[in-house]
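Read off the chains here:
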Amino acid sequence: MADRVTVIGWDGSPLTAAARSALSAATLVAGAAHHLALPEVPPAAERVRLGSVDLAARRIAGHRGTAVVLADGDPGFFGVVRTLRAPEHGLEVEVVPAVSSVAAAFARAGMPWEDARIVVAHQRTLRRAVNVCRAHPKVAVLTSPGAGPAELALLLDGVHRTFVICEELGTDRERVSVLTSDRAADHSWRDPNVVLVIGGVGGAGGGTPAAPWLMGLDPAVRSVRGWGLPAEEYAPEGHGPRGYGPGPTGAAPPRPGAGEDPALRAAQLARLGPRIGDLVWDIGCAGGAFAVEAARFGAAVIAVDTDLDACARTEAAARRHGVPLQTVHGRAPHVLENLPEPDVVRIAAGGVPVVTACTDRRPERIVVHASTRDEAEAVGTALADGGYTVESLLLQTVGLDPDDWSERDRSVVFLLAGRRSDSAP
């Protein structure tokens, strides 16, 4: 094993005295081509091109001498330190950090970044990284070949964002470009690069945003306490709650607002479990209550409705609550064909044809509500035939007047929850 392993971060500025001292004593130096070309690298040192960090770690573990690993930016921030310290390599390292590429990118843009989300995009994680960009107004994406600015832009189709693309930060070839996401797909970009994806709804309420106290979160979005809020929280100013319109088979709901019941919404959210990196389809969004609450969990949301007014109400509710989401006007199941792949789906309209169209897309979980037992049985059969384990519930809520405990309103609805049978635990 190497007698000493030092990991040096490099951001394009002159190396510190500690970094120069470690390099001068190195008998093995690992890094990218531009690192190995630095004049401070000893001519007699063994040089290892840093492609696979695992392979380099094994070379270092078998080396007798002093090893140095050079990496861009802060090597402890989504960098090589995690791999080098993995138990299978057994390496103890000293770290000489530099400014991270994310910090440098936001500095080039002249923006604060304590409220930013930071994601790594590989080909296997690209879709989830894009969902984070859909759901949050400020995201830094550490890209990789095949998962760069052009691919991000293509998957963000229909969602307007501003891209700040920082190529080869810290080198003499550094370039910073600012353009809209619809133009980024038409260019070829040099690796490595960092993309700042900016846009969407900011904090609720307008005015000067509150100073964040927790990295990556907008305090305004978290200012509303609780879930399953009353429907009037999402209604336009001066209006009462609006119903969800037709039930799952297109029939009229049992009473106005039956699909709007907060207890039903809370049960749907509990069974879907939307989370950061997910894409939620809300089919039959109506007033936007479910769509907004799913977005408040940090998930990306596409809200679908046949009614333009419903789409407008949903967008207005999202603005009031400070969350980005996308609305799509059209009739399911046909309008679903061109939407990106969902992770979880709520169906409030369209019945069995929509359920079947959604099971064909293989989301992890689907929830549907129905107003009659016949509707519920048909939906449950469609979920089971599509390869989903089905949970069936009859939910009844009764609102009471606290003064005399008299019944104020009542909601009775069937809830069908499907969990994909081949899902990993």
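Source: prediction; values computed, not measured. (Residues numbered from 1 in each chain as written. Predicted model: local features only at pLDDT ≥ 70, side-chain atom pairs only at ≥ 80, totals over all residues. Heavy atoms only, no water.)

### Structural notes on the overall build of the chain
Quick note on the threshold: Runs of H or I in DSSP of at least four residues are treated as helices and runs of E of at least two as strands, each being numbered from the N terminus. It only takes one pair of heavy atoms within 4.5 Å for two residues to be counted as in contact. Surface exposure here means Shrake-Rupley accessible area, sampled with a 1.4 Å probe, where a residue is shielded only by the protein chains that are shown.
Within the chain one finds 13 helices and 17 strands. When contacts within the chain are restricted to residue pairs at least 6 apart in sequence, those whose partners lie at least 24 apart make up 63%. When the accessible surface of the chain is summed, it comes to about 19700 Å², and 52% of that surface belongs to carbon and sulfur atoms.

### Observations concerning the pattern of salt bridges
Stated formally: Just to be clear on terms, a salt bridge is a Lys or Arg side-chain nitrogen sitting within 4 Å of an Asp or Glu carboxyl oxygen. Under the scheme applied here, a residue whose accessible area is under 20% of the maximum for its type counts as buried, over 50% as exposed, and between as partly exposed, the area being computed with a 1.4 Å probe on protein chains only.
Applying the stated criterion across every chain, the model contains 18 salt bridges. Of the charged contacts, one joins aspartate 115 and lysine 138 as a salt bridge, the two residues approaching to 2.9 Å between their closest N and O atoms. Taken together, the residues aspartate 115 in the loop between α5 (101-109) and β6 (117-120) and lysine 138 in strand β7 (residues 138-142) connect sequence positions 23 residues apart. Taking relative accessible area as the criterion, lysine 138 reaches 11% and is therefore assigned buried. Between aspartate 343 and arginine 128 there is a salt bridge; the shortest N-O distance is 3.7 Å. On the criterion of sequence distance, the pair formed by aspartate 343 in the loop between β13 (326-329) and β14 (344-347) and arginine 128 in helix α6 (residues 126-135) is long-range, its members being 215 residues apart.

### Here's the deal with the pairing of strand β17 (residues 407-420)
As a reminder of what qualifies: A pair of strands is treated as paired once DSSP finds two or more bridges between them.
Bridge analysis of strand β15 (residues 365-370) against β17 gives six bridges, and the strand direction is antiparallel. Residue pairing for β17: alanine 370 is matched across the bridge by phenylalanine 414. With 13 bridges joining them, strand β16 (residues 388-400) and β17 adopt antiparallel strand pairing. Its bridge partner lying in β17, glutamine 396 is registered against valine 412. As consecutive antiparallel partners, β16 and β17 are separated by six residues, and within that stretch tryptophan 405 has a phi angle of approximately 60°, a positive value.

### Overview of the packing of helix α12 (residues 351-360) against helix α13 (residues 373-385)
Angle between the axes and distance between the axes are the two parameters that describe a pair of packed helices. Quick reminder of the rule: Only the stretch in contact is used when fitting a helix axis, every axis being a line fitted to C-alpha atoms; angles between N-to-C directions are given from 0 to 180 degrees. Here is the rule for angles: anything less than 35 degrees is roughly parallel, anything more than 145 is roughly antiparallel, 65 through 115 is roughly perpendicular, and the remaining ranges are oblique. If you view the pair so one helix is near and one far, a crossing is left-handed when the near helix is turned anticlockwise from the far one by less than a right angle, and right-handed when it is turned clockwise. Three classes are used: nonpolar for Ala, Val, Leu, Ile, Met, Phe, Trp, Tyr, Cys and Pro, charged for Asp, Glu, Lys and Arg, and polar for all others, with Gly counted as polar.
Look at α12 against α13: their axes get within 9 Å of each other, and the N-to-C directions meet at 20°. By the criterion of interaxial angle, the relationship of α12 to α13 is roughly parallel. Where α12 crosses over α13, the two elements pack in a sense that is right-handed. Contacts from Val352, Val355, Thr356 and Thr359 in α12 reach Ala378, Val379, Ala382 and Leu383 in α13. Across the contact of α12 with α13, the residue classes tally to six nonpolar, two polar and no charged.

### What about the sheet that holds β15?
In space, the seven strands of this open sheet follow the order β13-β12-β11-β14-β15-β17-β16, with mixed pairing throughout. The open sheet has two edge strands, β13 and β16, and neither has a second partner. The average undirected angle you get between the axes of adjacent strands in this sheet is 20°. Bridge count for β14 against β15 is four bridges, and the pairing is parallel. Paired with isoleucine 347 across the strands is valine 368, a residue of β15. Relative to the sheet, helix α9 (residues 262-272) contacts β14, β15, β16 and β17, its axis offset from that of β15 by approximately 160°.

### Describing the sheet that holds β6
Reading across from one edge, β6-β7-β10-β8-β9 is the order of the five strands in this open sheet, with mixed pairing throughout. Either end of the sheet is taken by a strand with one partner, and the two such strands are β6 and β9 (175-180). Across this sheet, the average inter-strand angle for adjacent strands is 20°, counted without regard to direction. Sheet topology note: the β7/strand β10 (residues 193-198) ladder contains five bridges and is antiparallel.

### Considerations on a nonpolar patch on the surface
Stated formally: Only residues whose relative accessible area exceeds 30% and that take part in no salt bridge are eligible for patches, with like-charged residues grouped when within 9 Å of each other and nonpolar side chains (Val, Leu, Ile, Met, Phe, Trp, Tyr) grouped when within 5 Å.
A cluster of nonpolar residues, Val398, Leu400 and Trp405, forms a patch on the protein surface that exposes about 310 Å² of accessible area. Within the fold, valine 398 resides in strand β16.

### Remarks on the environment of valine 68
Tracing the backbone through its elements, the reader meets valine 68 in strand β4 (residues 66-72). Accessibility expressed as a relative area gives 0% for valine 68, which makes it buried. Along the backbone, valine 68 and threonine 27 are 41 residues apart, and their C-alpha atoms lie at a distance of 8.1 Å. Each residue touching valine 68, except ones within four places of it in the same chain, is listed here: Thr6, Ile8, Ala22, Leu23, Ala26, Leu28, Val29 and Ala30.

### Overview of the side chain of aspartate 278
Mapped onto the secondary structure, aspartate 278 falls in the loop between α9 and β11 (279-283). Residue classification places aspartate 278 among the buried positions, given a relative accessible area of 3%. With residues near it in sequence (within four places) discarded, aspartate 278 still touches Arg128, Asn131, Gly273, Ala299, Ala300 and Asp343.

### Here's the deal with the packing of aromatic side chains
In plain terms, the rule: Here a Phe, Tyr or Trp ring, Trp counted by its six-membered ring, pairs with any other such ring whose centre lies within 6.5 Å, and the pair is stacked when the planes are under 30 degrees apart, edge-to-face when over 60, and tilted otherwise.
For the structure shown, the criterion picks out three aromatic pairs. Plain terms: the ring middles of phenylalanine 77 and phenylalanine 78 are 5.1 Å apart, the flat faces sit at 80° to each other, and that makes the pair edge-to-face.

### So, α12
The following threshold applies: The arc in question is the one traced by the directions running from the helix axis out to the C-beta atoms.
All of the buried residues along α12 are Gly351, Val354, Val355, Cys358 and Thr359. Seen from one end, α12 has its buried residues packed into an arc of 135°, which puts them on one side. Of the exposed residues in α12, those oriented more than 90 degrees away from the buried face are Pro353 and Asp360. The secondary structure elements touched by the buried residues of α12 are β11, β14, β15, α13 and β16. In the stretch just after α12, arginine 362 is the one whose phi turns positive, near 60°.

### Digging into the confidence of the model for the chain
What counts, and what does not: One confidence number per residue, pLDDT, is output by the predictor and ranges from 0 to 100.
Chain-level statistics for the chain give a pLDDT mean of 89 and a share of 89% at 70 or above. Within the model, pLDDT remains below 50 along residues 203-207, and this stretch shows nine contacts once partners closer than five positions in the same chain are excluded. Contacts of residues 240-256 to residues separated by more than four positions or lying in other chains number 48 contacts, the stretch itself having pLDDT below 50.

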